[in-house]
Amino acid sequence: MKEEISVGLIGFGTVGSGTFRILRDNAELIQSRLGVPVKVRKIAVRHIGRRREIQVPAAVLTDKAEEVVNDPEIDVVVELIGGDEPAKGLILGAIARGKHIVTANKGLLAAHGSEIVSAARRKGVAVGFEASVGGGIPVIKVLKEALAANRILSVYGILNGTSNYILTKMTDEGRSFDDVLVEAQRAGYAEADPTFDVGGIDTAHKLAILVNLAFGLTIEPNAIFTEGITVISPLDIDFGKQFGYRLKLLAIAKQHNGRVEVRVHPTMIPNESPIAKVGGAYNAVQIVGDACGDIMLYGKGAGSMPTGSAVVADIMDISRAILNPGMQPLLAAPSGNLTSQEMDEVASLYYLRFMVVDQPGVLSQISGVLGKNNISIESVIQRGRALGGVVPLVIMTHEAVEKDMRRALAEIRGLSCVLEQPVLIRVE
Ligand SMILES: NC(=O)c1ccc[n+]([C@@H]2O[C@H](COP(=O)([O-])OP(=O)(O)OC[C@H]3O[C@@H](n4cnc5c(N)ncnc54)[C@H](OP(=O)(O)O)[C@@H]3O)[C@@H](O)[C@H]2O)c1
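Criteria and cut-off values
Residues numbered from 1 in each chain as written. Predicted model: local features only at pLDDT ≥ 70, side-chain atom pairs only at ≥ 80, totals over all residues. Heavy atoms only, no water. Near = heavy atom within 4 Å. Polar contact = N/O pair within 3.5 Å; in protein donor to acceptor, adjacent residues only side chain to side chain. Areas by Shrake-Rupley, 256 points an atom, 1.4 Å probe, with all protein chains shown as cover. Nonpolar A, V, L, I, M, F, W, Y, C, P; charged D, E, K, R; others polar. Axes fitted to C-alpha atoms, helices over the stretch in contact; angles between N-to-C directions. Helix = DSSP H or I, 4+ residues; strand = E, 2+ residues; numbered from the N terminus. Left-handed = near helix turned anticlockwise from the far one by under 90°. Contact = heavy atoms within 4.5 Å. Phe/Tyr/Trp six-rings, centres within 6.5 Å; stacked < 30°, edge-to-face > 60°. Buried < 20%, exposed > 50% of the residue type's maximum accessible area, 1.4 Å probe, protein only. Domains from an automatic or database assignment. Buried area = accessible area lost by both parts, 1.4 Å probe. Salt bridge = Lys/Arg side-chain N within 4 Å of Asp/Glu carboxyl O. Parallel < 35°, antiparallel > 145°, perpendicular 65-115°, else oblique.

(A) Layout of the site of the ligand. Among the 22 residues in the neighbourhood of the ligand, the closest are listed as Phe12, Val15, His47, Arg50 and Gly303. Take valine 15: an N or O atom from its main chain is 2.8 Å from an oxygen atom of the ligand. Here an oxygen atom of the ligand sits 3.4 Å away from a polar atom, N or O, in the side chain of lysine 106. Look at the ligand: alone it shows 910 Å² of surface, and the protein chains cover 79% of it. Counted by class, the shell around the ligand contains ten nonpolar, eight polar and four charged residues.

Quick look at the structure:
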């Protein structure tokens, strides 16, 4: 019987230091739950001389990540540096040496998860990645374990705190995207280069991981239809409110008839739905299973301690399996025979805004094109000002198919009464 579990951290930044703090401050509790202590044996960083809030013995720190990978005493290697390389090489190297892995690296998992998990299976080691989606929210464990008896029907997620913070401020204070982004950057809610977050790419990475677990479907993140929030204007948020909707950057995966729709885009959702109420930098995931019905998980989707909490939970799960060799941690994705649905075939309700010349007959021209393309109108808001001026014309449609909508918009864009690029926001 092992007398302790030995951990090596690669990365000692936001998540690495949270992980260390939890292992240190809750050491007694963790030991009482596992029966043996968990010890951090080595920590690899890039800049060894950097001043750090947490002091650790000099012998523990190294600037050579390979020392963690090659240390024969280390049972679990925790990768918290992010990015593709050297993270991937270090993980595969550690697996080859029979070490279990914990990682928070969603980008790497979304792009190379199958390769990493296959290598781990061959070697009989585990890969824990709870921290890669939803920070402190235990969504991976819920999908793998708690909902194991369910056929998953849909997963909806607010998975990026930066975008949700910006949209919440725009909604509550009527401010523009650019204005709120600058404030979010000052407050530390947004990176200096926010493209990954506000462009929906980070959300797509996380959705790729969830889709694999929920539906057994492997999908490349760049094959996921992805739109970000940069083009959202307060005007559309305001019109959405008039229809009883709130705007969120939503990750959506829904299965019907053996196909799974997988998409990320700004979405109008009814005010009264629980996910519409998720504000600020919080994250949430709503899962519908055929047996359990609706489940919603809500919490802090990032940050040092919430993400560290998920990392340490994985370390503890793996420790239990190390201490009880008969017990396998449930870390594999289910196999499945579902395929992804082409975006062109996806059906949705749509919010459309056209900036048009304020003159009689405009609505009938636009509705004519929509009708010709199998799109029927549910309601309209038309604000007239001075005849001949430019006014918004807002239309909510009944359910329509994406390819019909694209064809209709291409035609409407060519009408002389339409003065700007039309705005399209999908509605769930
Ligand atoms: N931040 C969050 O809230 C959050 C939430 C969920 C998931 N994640 C994921 O967690 C991972 C870590 O994110 P983070 O925010 O903690 O990053 P971070 O604060 O930038 O920290 C990165 C750490 O990695 C070290 N590092 C970088 N390259 C290295 C190398 N080649 N060898 C050894 N150490 C190296 C850095 O060393 P120095 O300290 O010497 O620079 C630093 O300690 C990423 O995959 C991220 O996507 C983060």
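Picking up where we left off.
(B) Region of interest: the packing of helix α1 (residues 14-25) against helix α12 (residues 304-323). Taken N-terminus to C-terminus, the directions of α1 and α12 make an angle of 65°; their axes are 7 Å apart at the nearest point. As α1 packs across α12, the resulting crossing turns out to be right-handed. Mapping the contact onto sequence places Thr14, Val15, Ser17, Gly18, Thr19, Arg21, Ile22 and Leu23 in α1 and Ser304, Met305, Thr307, Gly308, Ser309, Val311, Val312 and Ile315 in α12.

(C) Quick look at the packing of aromatic side chains. Evaluated as defined, the whole model comprises three aromatic pairs. On the numbers, 5.7 Å between centres and 75° between planes, the contact of phenylalanine 12 with phenylalanine 20 is edge-to-face. Each member of the pair, phenylalanine 12 as well as phenylalanine 20, is classed as buried. On the basis of an interplanar angle of 5° and a centroid distance of 4.9 Å, the ring pair of tyrosine 282 and tyrosine 298 is categorised as stacked.

(D) Inspection of the environment of arginine 320 at higher detail. Looking at where arginine 320 falls in the secondary structure, it is placed in helix α12. C-alpha separation for the pair arginine 320 and arginine 33, spaced 287 residues apart in sequence, amounts to 9.5 Å.

(E) Layout of the domain arrangement of the chain. Domain boundaries in the chain define domain 1 (5-136 + 304-323), domain 2 (139-300) and domain 3 (345-427). Each partner contributes to the interface: domain 1 provides 15 residues, whereas domain 2 provides 18 residues. Each partner contributes to the roughly 1300 Å² buried at the junction of domain 1 and domain 2, and carbon and sulfur atoms together form 62% of this total. Taken together, the connections running from domain 1 to domain 2 amount to two salt bridges. When the shortest N-O distance is used, the salt bridge between lysine 106 and aspartate 202 registers 3.5 Å. Where domain 1 touches domain 2, the interface holds five residue pairs in polar contact (both at pLDDT 80 or more). Secondary-structure elements contributing two or more residues to the side of domain 1 that touches domain 2 are α5 (106-123) and α12. By residue number, the principal contributor to the side of domain 1 that touches domain 2 is α5, which donates six residues. Split into classes, the residues belonging to the side of domain 1 that touches domain 2 amount to six nonpolar, six polar and three charged.

(F) Broad picture of the packing of helix α6 (residues 139-146) against helix α10 (residues 201-215). Two numbers describe how α6 lies on α10: the axes approach to 9 Å, and their chain directions differ by 15°. Here α6 is positioned roughly parallel relative to α10, judged by the angle of their axes. Two packed elements cross with a definite hand, and for α6 against α10 that hand is left-handed. Facing Val139, Ile140, Leu143 and Lys144 of α6, the residues of α10 in contact are Ile209, Leu210, Leu213 and Ala214. For the contact of α6 with α10, the per-class residue count stands at seven nonpolar, no polar and one charged.

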